[in-house]
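What follows is each chain in one-letter form.
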Amino acid sequence: RKEVEQDPGPFNVPEGATVAFNCTYSNSASQSFFWYRQDCRKEPKLLMSVYSSGNEDGRFTAQLNRASQYISLLIRDSKLSDSATYLCAVNPNTGGFKTIFGAGTRLFVKA
Amino acid sequence: DTGVSQDPRHKITKRGQNVTFRCDPISEHNRLYWYRQTLGQGPEFLTYFQNEAQLEKSRLLSDRFSAERPKGSFSTLEIQRTEQGDSAMYLCASSASGTAYGYTFGSGTRLTVV
């Protein structure tokens, strides 16, 4: 089983739609969680950290479910500019500070 | 200091040659990471430094790969005797101390081994 797994998609949604992605992680001791956005042929950019209590940044909401070992990202009122690959990232807390990335979920927002 | 810088942006090399990449992190960040990414995959961890100390290396990092961070500032990643399977985007990232901080990535070095 991979340490971090995501549905690769693609998710094709119309502008204005709400879309949600999940990401599962295998190590129950994992302690830090993040969502990154990656545009085609560009570097990943930090979108938001995921806190135990959940957090929201504008149209984006991230949640953590420790019992089921997954994190989620909800995008409301999708814009064309939201089209990208969304990477989930987890610090597995195995004694170091590395972060393990999922393979990403591709999102296409259509006009 | 506007971000993480990587050089070169692109490198084409013949199989068997050695290549070296450079990364300049954000100056306030004491942690520096190297990742490798291939098409359709997420970044794969290679190694990381805290200041000048290399604290962890992935099993992906064969003996042909070596990384240094002299004086805890910039870092270099060298690949000796390159193979076609080394073709990938090599990403450098830096972060502040503390597990709650995400990474700032550089634009990457795209390596093509022919």
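Description of the structure in this document. (Residues numbered from 1 in each chain as written. Chains lettered and ligands numbered in written order. Predicted model: local features only at pLDDT ≥ 70, side-chain atom pairs only at ≥ 80, totals over all residues. Heavy atoms only, no water.)

Here a ring pair, both rings aromatic, is described through the centre-centre distance and the interplanar angle of the planes. Within this structure, the stated rule accounts for 17 aromatic pairs over all chains. With a centroid separation of 5.9 Å and an interplanar angle of 55°, the aromatic rings of Tyr35(B) and Tyr103(B) are classed as tilted. Of this pair, Tyr35(B) sits in strand 4 (residues 31-37) while Tyr103(B) sits in the loop between strand 9 (88-95) and strand 10 (104-105), and the two are 68 residues apart along the sequence. With respect to class, Tyr35(B) is no different from Tyr103(B); both count as buried. Among the aromatic residues, ring-to-ring pairing joins Phe34(A), Tyr36(A), Phe101(A), Tyr33(B), Tyr35(B), Phe45(B), Tyr48(B), Tyr103(B) and Phe105(B) into one connected group. In this structure, Arg22(B) packs its charged tip against the face of Phe74(B), placed 3.9 Å from the ring centre. (Phe/Tyr/Trp six-rings, centres within 6.5 Å; stacked < 30°, edge-to-face > 60°. Helix = DSSP H or I, 4+ residues; strand = E, 2+ residues; numbered from the N terminus. Buried < 20%, exposed > 50% of the residue type's maximum accessible area, 1.4 Å probe, protein only. Lys NZ or Arg CZ within 6 Å of the ring centre and 35° of its normal.)

Let us now look at the interface of chain B and chain A. Taken together, the contacts link 22 residues of chain B with 19 residues of chain A. Of the roughly 1700 Å² buried between chain B and chain A, counting both surfaces, carbon and sulfur atoms make up 53%. Between Lys98(A) and Glu56(B) there is a salt bridge whose closest N-O contact spans 3.1 Å. At the level of secondary structure, the elements contributing two or more residues to the side of chain B that touches chain A comprise strand 4 and strand 5 (44-50) of chain B. If you tally residues by element for the side of chain B that touches chain A, the top one is strand 4 of chain B, at four residues. Residue composition of the side of chain B that touches chain A, grouped by class: ten nonpolar, nine polar and three charged. (Contact = heavy atoms within 4.5 Å. Buried area = accessible area lost by both parts, 1.4 Å probe. Salt bridge = Lys/Arg side-chain N within 4 Å of Asp/Glu carboxyl O. Nonpolar A, V, L, I, M, F, W, Y, C, P; charged D, E, K, R; others polar.)

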